[in-house]
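So the chains spell out like this:
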Amino acid sequence: LLDQKKAIGERIVCTGIIGAEAFKKFDLPEETVLGDIDKVRFYSPRGAYFDYSPPETLAKVVDRPRFNRYYAGKAVAAGAQIKTACRVEGIRCKKENVSVRVMDIDGRESFYESQILILATGVNYKLFEWIGLPAPKNFLYGAQIHIPFKGENWTSVYSGREAAPGAFAWVVPLHTGVARVGLLSEKNPAFYLKRLLDQIRPGWRDDFKESDIDLRPVVQTPLEKSYTDRVLIVGEAAGQIKTTTGGGIYYGLLGAAFAAETVKEAFRKGRFSADVLSPYDRRWKKEIGEELKFGFYFRKLFAKLSDEQIEELFDRMIQEEILNLAHREAEFDWHKSLILSIFKLPT
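Right, let's walk through the structure included here. Since this is a predicted model, take the numbers as computed values, not measurements.

Conventions used here
- Residues numbered from 1 in each chain as written.
- Predicted model: local features only at pLDDT ≥ 70, side-chain atom pairs only at ≥ 80, totals over all residues.
- Heavy atoms only, no water.
- Helix = DSSP H or I, 4+ residues; strand = E, 2+ residues; numbered from the N terminus.
- Rg over C-alpha atoms; globule rule 2.2 N^0.38 Å.
- Buried < 20%, exposed > 50% of the residue type's maximum accessible area, 1.4 Å probe, protein only.
- Contact = heavy atoms within 4.5 Å.
- Lys, Arg positive; Asp, Glu negative; His and termini not counted.
- Charge placed at Lys NZ, Arg CZ, Asp CG, Glu CD.
- Core = buried A, V, L, I, M, F, W, Y, C linked by side-chain atoms within 4.5 Å.
- Phe/Tyr/Trp six-rings, centres within 6.5 Å; stacked < 30°, edge-to-face > 60°.
- Lys NZ or Arg CZ within 6 Å of the ring centre and 35° of its normal.
- Pairing = 2+ DSSP bridges.
- Expected span 1.5 Å × (residues − 1).

Thoughts on the overall build of the chain
- In terms of regular secondary structure, the chain is built from 9 helices and 16 strands.
- The C-alpha radius of gyration of the chain comes to 21 Å, within 12% of the 20 Å expected for a compact globule of 347 residues.
- C-alpha atoms of the chain, sized along the principal axes, occupy 60 × 50 × 35 Å.
- Relative to its full complement of 347 residues, the chain shows a buried share of 48%.
- In the chain, of all internal contacts separated by at least 6 residues, the share reaching a separation of at least 24 is 66%.
- A gap of 5 Å separates the mean positions of the 51 positive and 47 negative side-chain charges of the chain.

The structure is reproduced here in structure tokens:
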């Protein structure tokens, strides 16, 4: 496992929200949990709100660096070798193997050869040019900061063109007395986050610098092809990320499980060509592809709404029949069914 960071878990920009379903399916480490999402307050552009308290905990918020280190430890225990502070500078897919050229932090060059290569590089698509696959073209842009928080333990969601054009903003309180405050937007995420902080925590500039704000792009469309000869692409690098909210941990875990199955089959056959690896692409897209496509077009539609139209939507959302429907059908990681059910309700 080659990682250009000096340590596993370093400099991760992630809210760390993982749905309860993922904890059950993958037996995720409870010791990494910093908070629960069991009540959510949704704010309209003009400050109206409605509350949603599901019958069970929707999701949990993890310490993402600790989460990553936990799985790095499991990988090492299973026989993996991890090399940090090294940067991949070239990839060659040859008939007999795949070769990777690596430069370490001191400028020393080395080479690694293997039967197969897994790319799990997040939104860093520099390596794609060496494997001959195009990178995604649709992105949102995220900004987040950690601030002390003493308010109620409500996860808050803000919408509207003045809050987060094209997406939404959030405040996620943790058990540690800190909140993760962030947003996704189509442009200028730092500008909109600073304006949100001015609104919910006046005087934040006295305690924090603008450099404390973390920034990163978030991919919005899956790769047309997540494999080639001797290469599989997994996680956000493949676009395995919820197109409604930008969350990618669960979908990335699902993608990794399908990748593992495909790699084992390739070793059993002793062949690693694109035709042998192609079932991976079909499997994960069958599992989450429709959800990704629906979420992308729904979010694009939502982005076109004016603040007045969003207010009208809020008026509709607080109707008892919709709240009851949400209590019955809402799933943290699967949004298509609930959204379609709401649209089918009589106006």
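That shown, we press on.
Considerations on the nonpolar core
- In terms of nonpolar packing, the biggest core is built from 64 residues, with Ile18, Ile91, Leu119 and Ile233 touching the most fellow members.
- With 8 residues, the single largest contributor to this core is helix α5 (residues 249-269).
- When sequence neighbours within four positions are dropped, the list of residues in contact with Ile91 reads Val98, Ser99, Leu117, Leu119, Leu127, Trp130 and Ile131.
- Tyr158, Val181, Leu197 and Ile213 belong to the second largest nonpolar core, which has 19 residues in total.

A closer look at the packing of aromatic side chains
- Using the criterion set out here, one finds 17 aromatic pairs in the structure.
- Between Tyr125 and Phe128 the ring centres are 5.0 Å apart and the planes differ by 80 degrees, which places this aromatic pair in the edge-to-face class. In this pair, the class of Tyr125 matches that of Phe128, namely buried.
- Members of the aromatic cluster, each reached through a chain of ring pairs, are Phe26, Tyr250, Tyr251 and Trp334.
- Across the ring face of Trp154, the terminal group of Arg41 is positioned such that the distance to the ring centre comes to 4.6 Å.
- Lying across the ring of Tyr227, Lys225 places its NZ or CZ 5.1 Å from the centre.

As for the pairing of strand β5 (residues 59-62)
- Of the two faces of β5, the one holding Ala59 and Val61 and the one holding Lys60 and Val62 are both buried throughout.
- Pairing of strand β1 (residues 17-19) with β5 involves 3 bridges; the strand directions are antiparallel. Residue pairing across strands places Ile18 opposite Lys60, the latter belonging to β5.
- Across 4 bridges, strand β2 (residues 33-37) lies against β5 in antiparallel orientation. Among the inter-strand pairings, Ile37 is bridged to a residue of β5, identified as Ala59.

Side note on α5
- For α5, built from 21 residues, the straight-helix expectation of 30 Å at 1.5 Å per residue is met to within 8% by its first-to-last C-alpha distance of 30 Å.
- Of the positions making up α5, those classed as buried are Ile249, Tyr250, Tyr251, Gly252, Leu254, Gly255, Phe258, Ala259, Thr262, Val263 and Ala266.
- Contacts from the buried residues of α5 go to β1, α1 (20-26), α2 (64-77), β9 (117-119), β16 (231-233) and α6 (274-303).

A look at the pairing of strand β6 (residues 86-93)
- Pairing of β6 with strand β7 (residues 98-104) involves 7 bridges; the strand directions are antiparallel. Paired with Cys86 across the bridge in β7 is Asp104.
- Here β6 hands over to β7 after 4 residues, the two strands then running antiparallel side by side.

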